[in-house]
Every structure is written in structure tokens, then in C-alpha cells.
Amino acid sequence: MNSDTYLVDSVIRSRKAVRVFRPDAVSKQDVIDILDVARTAPSNSNTQPWRVHVLAGGARQQLSDALARAHTDGAHPQLQHMPDPLPDSYRLRQEDFGARYYGALGIDKADVDARSQATGRNFEFFGAPLGMIFTIDAQLKKYSWLDYGLFIQNIMIAARSRGLDTCPQVSFARYQEVIAKHLDIEAAHEVVCGMSLGYADEDSVVNRLELPREPVVRFARFAGLDA
Ligand SMILES: Cc1cc2nc3c(=O)[nH]c(=O)nc-3n(C[C@H](O)[C@H](O)[C@H](O)COP(=O)(O)O)c2cc1C
């Protein structure tokens, strides 16, 4: 049976990172409902490590402006969110992503300024009317970050089932201090990532990127199962 026969499978498959949004507003009730279902995510000993700042209108704009300034002044250290050097198999996929993404934007890989401008679009939440910033108590260990990933995936899937789109964005983690100051984040917390939420501009070429995935046989080993 094709897995798209299953409703949830088809919603999961319909998710993609959207980077051009229509300006259409997202209703507060939709966001509350999305978070309400997302909070059913499992977490280690039910510790529920998530804390979410939902931003729209002036609040979203003020943060975007502050981040745009920080991004342009270039004074902040590069966020090391991947090991350097990145092992080959990951590096090849990362390069493939870069080629597809910057190719769709018509940006030459060597054009550092144009790439930096494109990165800056992250901080405008790619034009989405609504942005979210996720924080976590910095004392928690990597297993709690795993809980967080489940919560964030729930948000993205619940958004899709309402016809909404998302882009999860680690880029925000680069500007911890700027965000902490603007959102009055608790001292013990750090930014996990941000997320854009809205309705995709379906005419945008950038939104038509189809990032490939490795087939199951490349990442799973089976033992003791019938043929
Ligand atoms: C934790 C995480 C952080 C990400 N950070 C960014 C980001 O900062 N900016 C961005 O444009 N995309 C970001 N993405 C989106 C990925 O590039 C995207 O999920 C990946 O290329 C696969 O494409 P797809 O989601 O459209 O299938 C992030 C995704 C995840 C899961």
C-alpha cells in the first residue's frame, strides 16, 4: 500500500521549508491550536522543555529590525552549528542543498554579499506574518533537545494540516544576546531556533525546491524480519 493512503503520511510529506510567504495574516486561534496539539509531543520523563515566543505585527518587526542591524554590522561571531570539518557524507548533502538553494535564487556561490543578503531574509521571517522563537533551559542535555525536535516537528505538521507553512531556522541562534534582550528571555535560557509561519507564496521558485532524501536502505539495517 502506498504510504500516502494514510492521512498523516500525506500531511508529513506535504511539509517543506518555505522561504517566501504571502503577507496574509495567521489567526491567533490557529497558532494556539497548533501549539496546543504540538504540546502532546513526548518528552523524557514528561519534562516538556519547550518555551515559545510567538511574534506578529510590531513585535515581530522590532525583532526583525534589531536582527537585521546585527546581521549587517557583522560584529557577531559565526554560529558553529556543524562540526568543522563536516564529515564527507554530510558535507556533500550540505553542498547539494547550497547549490539548489542559491541556484534557485540565482546567486553565484562566490558572491558573498548576495549570499549574506539571502541569509538576512531569515531574520525577516522570510516575509511570514508570524514568527516564533524557541528557547530551552541551557542546563538541559542533548536528550531534551531531542524532545524539542519532536515538539517542533509537531508544530510543522499541525501547521500543514491547517494549510499553513513553516521554515525552521537555526539562523536565529546566532544572535542570542539580541534576542534575549528583545524578548526578555530568562537568563538560564538559550535560543534553540526560530520558525516562520504563514501561507506559502506558491509562485515562488524558491518554494519549489525538492530536497532529496536517502532511501531507507541507505540508513536502516534490518535483522530478524521476514522478507
Ligand atoms: C533544525 C533546523 C534548522 C534549520 N535552519 C534553517 C535556517 O536557518 N534557514 C533556512 O533557510 N532553512 C533552515 N532549515 C531548513 C532546512 O534547510 C531544510 O529543512 C532542509 O534543507 C530540507 O528541506 P525541506 O525541509 O524543504 O524538505 C532548518 C531545518 C532544521 C530542521
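Fair warning: this is a prediction, and the values are worked out from it, not measured in the lab.

Here's the deal with the overall build of the chain
Phase 1: Scanning the chain from N- to C-terminus turns up 8 helices and 4 strands.
Phase 2: In the chain, the succession of helices and strands from N to C terminus is α-α-β-α-α-α-β-α-β-α-β-α.
Phase 3: Each of the 227 residues in the chain was classed as buried or not, and the buried ones make up 37%.
Phase 4: Considering only residue pairs separated by 6 or more positions, the chain has 82% of its internal contacts joining residues 24 or more positions apart.

Brief notes about the packing of aromatic side chains
The way to describe two aromatic rings as a pair is by their centre distance and the angle between their planes.
Phase 1: Scanning the model with the defined rule gives 9 aromatic pairs in all.
Phase 2: An angle of 25° between the planes, with centres 4.9 Å apart, marks the rings of Phe125 and Phe172 as stacked. Highlighted residues: Phe125 in the loop between α5 (112-120) and β2 (130-137) and Phe172 in the loop between β3 (165-169) and α7 (176-183), separated in sequence by 47 residues.
Phase 3: Its relative accessible area of 0% is what places Phe125 among the buried residues.
Phase 4: By relative accessible area, Phe172 is classed as buried at 0%.
Phase 5: Their ring planes at 90° and their centres at 6.3 Å tell us that Phe134 and Phe151 sit as a pair that is edge-to-face. Taken together, the residues span a long stretch of sequence, with Phe134 in strand β2 and Phe151 in helix α6 (residues 142-161) at a distance of 17 residues.

Some details on the pattern of salt bridges
Phase 1: According to the stated counting rule, one finds 11 salt bridges in the structure shown.
Phase 2: Of the charged contacts in the structure, one is a salt bridge between Arg91 and Asp88, with a shortest N-O distance of 2.9 Å. Separated by 3 residues within a single helix, Arg91 and Asp88 lie in helix α4 (residues 88-105), roughly one turn from each other.
Phase 3: With relative accessibility at 27%, the residue Arg91 sits in the partly exposed group.

Let's talk about the packing of α4 against α5
Phase 1: Put simply, α4 and α5 touch, their axes get as near as 12 Å, and they point 95° apart. In terms of axis orientation, α4 runs roughly perpendicular to α5. Counting all contacts with α4, which are made through Tyr101, Tyr102 and Leu105, the residues of α5 involved are Arg115, Ala118 and Thr119.
Phase 2: In terms of residue class, the contact of α4 with α5 is built from 4 nonpolar, 1 polar and 1 charged.

Here we look at the state of the cysteines
Each disulfide consists of one covalent bond between the sulfur atoms belonging to two cysteines.
Phase 1: Applying the stated rule across the entire model yields 0 disulfides.
Phase 2: Note on Cys167: no disulfide assigned, nearest cysteine sulfur contributed by Cys193 at a separation of 9.7 Å.

A short note on the site of the ligand
Phase 1: Taken together, the neighbourhood of the ligand is formed by 14 residues, with Ala17, Arg19, Val170, Ser171 and Arg213 sitting nearest.
Phase 2: In the model, an oxygen atom of the ligand is placed 2.5 Å from a nitrogen or oxygen of the Ser171 side chain.
Phase 3: Between the ligand and Arg213, the relevant distance is 2.9 Å, taken from an oxygen atom to a side-chain nitrogen or oxygen of the residue.
Phase 4: The dominant element in the shell around the ligand, judged by the number of residues it contributes, is β3, at 3 residues.

Thresholds, definitions, all that
Residues numbered from 1 in each chain as written. Predicted model: local features only at pLDDT ≥ 70, side-chain atom pairs only at ≥ 80, totals over all residues. Heavy atoms only, no water. Helix = DSSP H or I, 4+ residues; strand = E, 2+ residues; numbered from the N terminus. Buried < 20%, exposed > 50% of the residue type's maximum accessible area, 1.4 Å probe, protein only. Contact = heavy atoms within 4.5 Å. Phe/Tyr/Trp six-rings, centres within 6.5 Å; stacked < 30°, edge-to-face > 60°. Salt bridge = Lys/Arg side-chain N within 4 Å of Asp/Glu carboxyl O. Axes fitted to C-alpha atoms, helices over the stretch in contact; angles between N-to-C directions. Parallel < 35°, antiparallel > 145°, perpendicular 65-115°, else oblique. Nonpolar A, V, L, I, M, F, W, Y, C, P; charged D, E, K, R; others polar. Disulfide = S-S within 2.5 Å. Near = heavy atom within 4 Å. Polar contact = N/O pair within 3.5 Å; in protein donor to acceptor, adjacent residues only side chain to side chain.

Worth remembering: the numbers are spatial, not functional.
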